[in-house]
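# Descriptive structure summary
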Amino acid sequence: MATIAIYGAGQLGTTVAQILAEVPHHTVLGVYGRNDRQTALTSGADVVIIATTTKFRDVASDIELAVQSGSHVLVSSEECAYPWAVDRALADSLDALAKSKNVSISGTGVNPGLIFDSLVLTLLGAAPRGCTVAVRRTVSIAGFGATVLRRLGMGFTPEVFAERVKGEEILGHAGFPQSMTVVADAMGLTIDSIEKELLPLITEKEIDLPDRFVIAAGESAGVNQTYTAKVNGKTWFVSHFYGHVDLPSIGKSAVDEIELSLDGKVFQTITLKPGIGSQVGSKNMVANSIQRILAAPHGWVTVAHMEPAFPESL
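What this report covers is the structure whose coordinates are included nearby. What you see is a predicted model, and the numbers here were worked out from it, not measured in a lab.

Calculation rules
Residues numbered from 1 in each chain as written. Predicted model: local features only at pLDDT ≥ 70, side-chain atom pairs only at ≥ 80, totals over all residues. Heavy atoms only, no water. Helix = DSSP H or I, 4+ residues; strand = E, 2+ residues; numbered from the N terminus. Buried < 20%, exposed > 50% of the residue type's maximum accessible area, 1.4 Å probe, protein only. Polar contact = N/O pair within 3.5 Å; in protein donor to acceptor, adjacent residues only side chain to side chain. Salt bridge = Lys/Arg side-chain N within 4 Å of Asp/Glu carboxyl O. Pairing = 2+ DSSP bridges. Expected span 1.5 Å × (residues − 1). Arc of directions from axis to C-beta. Contact = heavy atoms within 4.5 Å. Core = buried A, V, L, I, M, F, W, Y, C linked by side-chain atoms within 4.5 Å. Axes fitted to C-alpha atoms, helices over the stretch in contact; angles between N-to-C directions. Parallel < 35°, antiparallel > 145°, perpendicular 65-115°, else oblique. Left-handed = near helix turned anticlockwise from the far one by under 90°. Nonpolar A, V, L, I, M, F, W, Y, C, P; charged D, E, K, R; others polar.

What follows covers the environment of Asp87. Relative to the helices and strands, Asp87 is located in the loop between β4 (72-75) and α4 (88-100). Residue Asp87 is classed as partly exposed on the basis of its relative accessible area of 32%. For Asp87 and Arg57, which are 30 residues apart along the polypeptide, the C-alpha to C-alpha distance reads 8.2 Å. A polar contact of 3.0 Å, which involves the side chain of Asp87, links it to the backbone nitrogen of Leu90.

Below, the structure is given as structure tokens:
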């Protein structure tokens, strides 16, 4: 039996709480919003789930407070899949703190957390050495709320989109460098560089997103982004994400594809149809990670060093 406190009263935290409330051997505390931060993070629960925002720097103090209170921590923040990629000193500090408290911290989710890292590592286990990797996702992002959609880059002209990308107000989908580095670190590889391209998908017609906002013709209704990681001067891992608020209107459907190549030739391609949905996949990955964070080595761990996530029996 585990006591689980959930900090973050948005869509993810709320749906995770609903899933975990159905497991009779768990006790769920919350969902706690920002006004109840202290209560949520100092509850002393076996596991604290932090489901608030994207950037590591914005959740680091929350993680620290929960760990100081003796809790294991699961974080939905994309940058927390491999926090050393953005702030090595801070990641090392929290790693050391968790070890001193005999608890574990990990980022969790679908992207990052499964498709661009865990699944890639699993498939590479049955592949020859020296494979390069390409992962492509086509995803419906129609289910996100207004705040997340704006951060992804919806509802802007191409000019404003470009300006906000430069100012890091538009992130597209985050976490690709983290996923790539998780895989590289597990394999003992060093990434030379990661190149990024983030482009808007401009709609030719107005799209009304009920209870959120209207995307006018000539504004962004999706993102097309690519990250390319190089090892020893050569392309090793390409991550491609194509997200749109209305995939059927542009003749596309959700799909996830992992392609392994060897010596310039495709070795194996694995396709998931339909692709794993952003909301359904994320909430289940977080909810199904309770036992694996409890069983994980102490300190800050990546998905490469944890058991797989799977549903618990009711």
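Moving on from the coordinates now.
Here we take up the pattern of salt bridges. Scanning the model with the defined rule gives eight salt bridges in all. A salt bridge links Arg37 to Asp62; the shortest N-O distance between them is 2.6 Å. Linking Arg37 in helix α2 (residues 37-41) with Asp62 in helix α3 (residues 56-68), this pair joins segments that are 25 residues apart in sequence. Residue classification places Arg37 among the partly exposed positions, given a relative accessible area of 26%. Close ionic contact of Glu259 with Arg136 constitutes a salt bridge, the shortest N to O distance being 3.1 Å. Of this pair, Glu259 sits in strand β12 (residues 255-262) while Arg136 is found in strand β6 (residues 132-140), placing the two residues 123 residues apart along the sequence.

Attention now moves to the pairing of β12. Judged from the seven bridges that link them, β6 and β12 form a sheet pairing that is antiparallel. For Ala134, the partnering residue across the bridge sits in β12 and is Glu259. With seven bridges joining them, β12 and strand β13 (residues 265-272) adopt antiparallel strand pairing. Bridging from a neighbouring strand, Glu257 pairs with Thr271 of β13. The loop that links β12 with its antiparallel partner β13 comprises two residues; one of these, Asp263, has a positive phi angle of about 55°.

Moving on, we get to α4. Compared with the 18 Å implied by 1.5 Å per residue over 13 residues, the 18 Å span of α4 between its first and last C-alpha is a close match. Those residues of α4 that fall on the buried side of the exposure criterion are Ala91, Leu94, Asp95, Leu97 and Ala98. All buried residues of α4 lie within an arc of 165° about the axis, which places them on one face of the element. When the buried face of α4 is taken as reference, the exposed residues oriented beyond 90 degrees from it are Ala89 and Ser100. Here the buried face of α4 lies against α3, β5 (104-107) and β14 (299-300). Asn102, located one to two residues past α4, shows a positive phi value of around 60°.

A word on the nonpolar core. Formed by 41 residues in total, the largest nonpolar core has its most connected members in Leu149, Met154, Phe237 and Val245. A total of five residues in this core trace back to one element, the largest contributor, which is strand β10 (residues 220-231). Non-local contacts of Val245, meaning those with residues more than four positions away in its chain, are made with Ile141, Ala142, Leu149, Met154, Ile207, Leu209, Ile215 and Ala221. Counting 28 residues, the second largest nonpolar core, distinct from the first, contains Tyr32, Ile63, Trp84 and Val303.

In this model α3 runs 18 Å from its N-terminal to its C-terminal C-alpha over 13 residues, within 8% of the 18 Å that 1.5 Å per residue would give. Regarding α3, the residues found buried are Phe56, Val59, Ala60, Asp62, Ile63, Ala66 and Val67.

Our focus in this paragraph is the packing of α3 against α4. Interhelical geometry of α3 versus α4 gives an angle of 15° and a closest axis separation of 10 Å. By the angle between their axes, α3 is roughly parallel relative to α4. By crossing handedness, the relation of α3 to α4 is classed as left-handed. Residues Phe56, Ala60, Ile63, Glu64, Val67 and Gln68 of α3 form the contact with α4, whose own contacting residues are Leu90, Ala91, Leu94, Leu97 and Ala98. For the contact of α3 with α4, the residue count by class is nine nonpolar, one polar and one charged.

Right, let's talk about the environment of Arg37 for a bit. Along the sequence, Arg37 and Asp62 sit 25 residues apart, while their C-alpha atoms lie 8.2 Å from each other. Those residues in contact with Arg37 that lie beyond four places of it in its chain are Tyr7, Ser61, Asp62 and Leu65. Within polar-contact distance, the side chain of Arg37 engages the side chain of Asp62 at 2.6 Å.

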